[in-house]
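Take a look at the letters that make up each chain.
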Amino acid sequence: MFELIVLIGSMLAVFSGGPCWANEIEQRSHQSHSFQEIKRVTRELLLKEIELERFNIDYRRHASVQGRWRGPRYYLSQGGNNAATMAGLFDAVSIREDEKPSRIALENSFVPQMVGQFVAAGGSATELLVNKFHDRQARALALDSKNALRRARRFKEEIDALLKERGRLIEGAASTGSLSKKDLQLLQAEELVLIDLTRLSLHEFVRFYVGARRFRWFQDSLYVVDIFKNVVGAAGNIVAIEGLKRGKPAYPGHGGVLVLTSGALIVINPIFSRGVGKVAGMISRRQCRGLVLDDVSEDEIDLDLHLDAFARALGAASDETELSAELKEILDVHQEQCDLFKKKNEMAVRELRQGTRAATENVLAGFVVGSTKITLGILSMVAGYHHHHRPRHANELLEDGSLVYGIGNAFGLADNTRIQIRNEYERHKLKKERLLPAQILEDHLNSLDRIEKTLTGEVLGR
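Let us look at a nonpolar patch on the surface. A surface patch of nonpolar side chains, about 260 Å² in accessible area, is lined by F90, L403 and I407. As for its position among the elements, L403 is in helix α10 (residues 391–432). Given the relative accessible area of 38%, L403 is considered partly exposed.

A word on the nonpolar core. In terms of nonpolar packing, the biggest core is built from 33 residues, with F55, Y59, F205, V206, Y209 and L291 touching the most fellow members. Where this core is concerned, the elements lending two or more residues are α2 (19–63), α5 (145–175), α6 (181–246) and α11 (437–459). The element that contributes the greatest number of residues to this core is α2, accounting for nine residues. Setting aside its immediate chain neighbours within four residues, Y209 contacts Y59, S145, L149, S284, Q287 and C288. Formed by nine residues, the second largest nonpolar core is a distinct cluster that contains L186, A189, F310 and L314.

Here the focus is the pattern of salt bridges. Applying the stated criterion across every chain yields a total of 17 salt bridges. Salt-bridge contacts for R54 lead to D449; the nearest nitrogen and oxygen are separated by 2.5 Å. Note that R54 is positioned in helix α2 and D449 in helix α11, a separation of 395 residues in sequence. Counted as one network, the salt bridges with shared partners bring together E37, R40, E44 and E165.

A few words on α5. In this model α5 runs 45 Å from its N-terminal to its C-terminal C-alpha over 31 residues, within 8% of the 45 Å that 1.5 Å per residue would give. Residues of α5 that are buried: S145, A148, L149, A152, F155, I159, L162, L163, R166, I170 and A173. With its phi angle positive at about 80°, G177 sits one or two positions after the end of α5.

This part is about helix α7 (residues 251–287). With 37 residues, α7 extends 52 Å from end C-alpha to end C-alpha; this agrees with the ideal 54 Å at 1.5 Å per step. Along α7, the largest kink reaches about 45° and is centred on I268; proline P270 follows within four residues of it.

The next subject is the layout of surface pockets. Looking at the second largest pocket, its volume works out to about 740 Å³. Residue lining of the second largest pocket: 40 residues in total, with R96, L106, L244, P252 and L398 positioned closest to the centre. Of all the secondary structure elements, the ones that give two or more residues to the lining of the second largest pocket are α3 (70–95), α4 (103–140), α6, α7, α9 (324–386) and α10. In terms of residue count, the dominant contributor to the lining of the second largest pocket is α10 (seven residues). Residues belonging to the lining of the second largest pocket are distributed by class as follows: 16 nonpolar, 17 polar and seven charged.

Position of A63 relative to the elements: it lies in helix α2. Along the chain, A63 and S145 lie 82 residues apart, while their C-alpha atoms are 7.1 Å from each other. With sequence-adjacent residues up to four places away left out, A63 is seen in contact with D135, L143, F208 and R216.

Turning to the packing of aromatic side chains, a few remarks are in order. Enumeration over the complete set of coordinates arrives at nine aromatic pairs. Each ring, one from F55 and one from Y59, has its centre 6.3 Å from the other, and the planes form 15°; the classification is stacked. With F55 and Y59 both in helix α2 and four residues apart, this pair spans about one turn of that helix. Y59 matches F55 in its accessibility class, with the two residues each being buried. Aromatic pair Y59 and F205: ring centres 5.4 Å apart, planes at 40°, arrangement tilted. Taken as a pair, Y59 in helix α2 and F205 in helix α6 lie far apart in primary sequence, 146 residues in all. Under the relative-accessibility criterion, Y59 is labelled buried at 2%. Among the aromatic residues, ring-to-ring pairing joins F55, Y59, F155, F205, F208 and Y209 into one connected group. The ring of W69 has R68 lying over it, and the distance from NZ or CZ to the ring centre is 4.3 Å.

Its identity is not glycine, yet A142 carries a phi of approximately 60°, on the positive side. Position of A142 relative to the elements: it lies in the loop between α4 and α5. Of the residues examined, A142 reaches a relative accessible area of 27% and is grouped as partly exposed.

Here we come to the confidence of the model for the protein chain. Counting all residues, the mean pLDDT for the protein chain is 81, and 80% of those residues have values of 70 or more. Confidence, read as mean pLDDT per element, is least for helix α1 (residues 2–15) in the protein chain (32) and greatest for α4 (94). Here residues 1–30 is modelled with pLDDT under 50, and outside its nearest four sequence neighbours on either side it reaches eleven contacts, counting other chains as well. Overall, residues 458–462 carries pLDDT values under 50, and its contacts beyond four positions in sequence, including any with other chains, amount to 18 contacts.

Contact geometry of α3 with α6 gives a least axis separation of 13 Å together with a crossing angle of 25°. In terms of orientation, α3 lies roughly parallel with respect to α6. Once α3 is placed against α6, the crossing between them reads as left-handed. Only Q219, Y223, D226 and N230 of α6 make contact with α3, whose side of the interface consists of R70, Y74, Q78 and N81. Residues that form the contact of α3 with α6 fall into these classes: two nonpolar, four polar and two charged.

Before going further, it helps to examine the side chain of E53. Considering the arrangement of structural elements, one finds E53 in helix α2. Among the polar contacts listed, one links the side chain of E53 to the side chain of S201, at a separation of 3.1 Å.

Cut-offs and rules
- Positions within a chain are numbered from 1, following the residues in the order the chain's sequence is written.
- Under the rules for a predicted model, residues below a pLDDT of 70 receive no local features and side-chain atom pairs below 80 are neither given nor counted, while totals for whole chains, interfaces and linings still include all residues.
- Side-chain calculation: all heavy atoms of the structure are included, whereas hydrogens and water are not.
- Without a salt bridge and with relative accessible area above 30%, a residue can belong to a patch; like charges are then joined within 9 Å and nonpolar side chains (Val, Leu, Ile, Met, Phe, Trp, Tyr) within 5 Å.
- To be clear on the numbers: accessible area is Shrake-Rupley with a 1.4 Å probe, and residue cover counts the displayed protein chains and nothing else.
- Any carboxyl oxygen of Asp or Glu that lies within 4 Å of a side-chain nitrogen of Lys or Arg is treated as forming a salt bridge with it.
- Strands here are runs of E lasting at least two residues and helices are runs of H or I lasting at least four, both read from the DSSP assignment and numbered beginning at the N terminus.
- For the exposure calls, accessible area comes from a 1.4 Å probe over protein chains only, and a residue counts as buried if that area is under 20% of its type's maximum, exposed if over 50%, partly exposed in between.
- Among buried residues, the Ala, Val, Leu, Ile, Met, Phe, Trp, Tyr and Cys ones that are joined through side-chain atoms within 4.5 Å form a nonpolar core.
- The contact rule is simple, with two residues in contact once any of their heavy atoms fall within 4.5 Å.
- To estimate the expected span of a helix, count its residues, drop one, and scale the result by 1.5 Å.
- The bend at a residue is defined as the angle formed between two axes, one fitted to the seven residues ending at that residue and one fitted to the seven starting there.
- Lining residues are defined by having an atom within 4 Å of a point belonging to a cavity or pocket. Those points lie on a 1 Å grid over the protein atoms alone, cavities being sets where a 1.4 Å probe fits but cannot get out and pockets being open sets with protein on both sides within 12 Å along at least five of seven lines.
- Grid points are joined across faces, edges and corners, and a volume is the space filled by probe spheres set on the points.
- By the convention adopted, Pro, Cys, Tyr, Trp, Phe, Met, Ile, Leu, Val and Ala count as nonpolar, Lys, Arg, Asp and Glu as charged, and the other residues, Gly among them, as polar.
- Between rings of Phe, Tyr and Trp, where Trp is taken as its six-membered ring, a pair exists when centres lie within 6.5 Å; planes separated by under 30 degrees are stacked, by over 60 edge-to-face, and by other angles tilted.
- The rule is short: NZ of Lys or CZ of Arg within 6 Å of the ring centre and within 35 degrees of the ring normal puts a charge over the ring.
- pLDDT gives the predictor's per-residue confidence on a scale running from 0 to 100.
- For helices, the fitted line uses only the C-alpha atoms of the stretch in contact; every axis is such a line through C-alpha atoms, and the angle between N-to-C directions lies from 0 to 180 degrees.
- Throughout this description, any angle smaller than 35 degrees is read as roughly parallel, any larger than 145 degrees as roughly antiparallel, any in the 65 to 115 degree range as roughly perpendicular, and the remainder as oblique.
- For any pair of crossing helices, the crossing counts as left-handed if the nearer helix is rotated counterclockwise from the farther one by less than a right angle, and right-handed if it is rotated clockwise.
- Polar contacts, as counted here, are pairs of nitrogen or oxygen atoms within 3.5 Å of one another; within protein the pair requires one atom able to donate a hydrogen and one able to accept it, and residues that are adjacent in sequence qualify only if both atoms are side-chain atoms.

Below you can see the structure in the form of structure tokens.
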């Protein structure tokens, strides 16, 4: 009805020779058209940022899948190895207490050690295969690292193009007088918020992309070395069994070389894997160089400042401008997006702290268990190569080495059990508070759905 009245009034003004009234109507029509175009591009920008956020969540869900039962599953294989090896070692200690230990009993004491290490190697191989399976699933959804980086770059290009288009529209409207000074200030203040939201979304992608690549290389290299160290250790057990069967007193020395090598790998593995992960992270960050330029903490501060400035500009404008009512509703959208970013950032910081703590504990436990195994390897070499002609003394050296490594395995079992219990407790606690990563991401998706409905149905789609 309003448009019809404007049209009739415009026609009457033209035919009645009233140029002033005609010019005023033409200016209002142009002003309304400018507002609609700016609103359209702003809506496309917000929807594109929501699409980017959804992509971030999808990538997070598929890029580094760990699964609910990976921790307990891995604990069972590694803890089973610790328990079986410890039982075999302490059994060997008790057998070697006799002056003439039973050869068959000693052979049997090596069996649980060998089986335990094969079980641990199988557990690591299983987790490695699970990772490869998830990688294949992500690739099928175009959410592997290569495709994800390509899509993130495309999102940045599309959003930058929309921002430039919005800027041209605002500049054009301002040059023709279609925008008041207050309207121009409001739109410029909102533009800063839009830029900050985009930067934070891209920062979120880069942070997870780098972290996922770093962690995956760390984890996979850990599994590979884990398989190797357990297979080498089990080979040492096999050599020792063959030495007893054949009555070769020098064989403990051969087995000791393998045991020492396995112990050295236990010590080196956490450090080596972290080094591999760090290098992978550096390479991944270099690949993302064109996506973000600033520090994420600075962008978070900028978003808070620009959001406050936008709110103050709206408060000062009140209902004096045509844009005020629209932008007041959009401010709620921006504020909700800002809160979502902060919540996900808290989750990322918590995951980083947990990962750092777990890695530190891994290094400590590896040093303790590995050094005790190295001790057993050295004593076995001394007994086999230098005291094979003195069976009693060689037996005492092997007894001492078995006792030391048995204690090391007891420490490893206790530490793994402590870590697993703590992880299960923290998971239960976070689940009750709805702070598990999967729960936070699900809530974020629901919030994005609500924001999108607001944008398409209630705010800018009117």
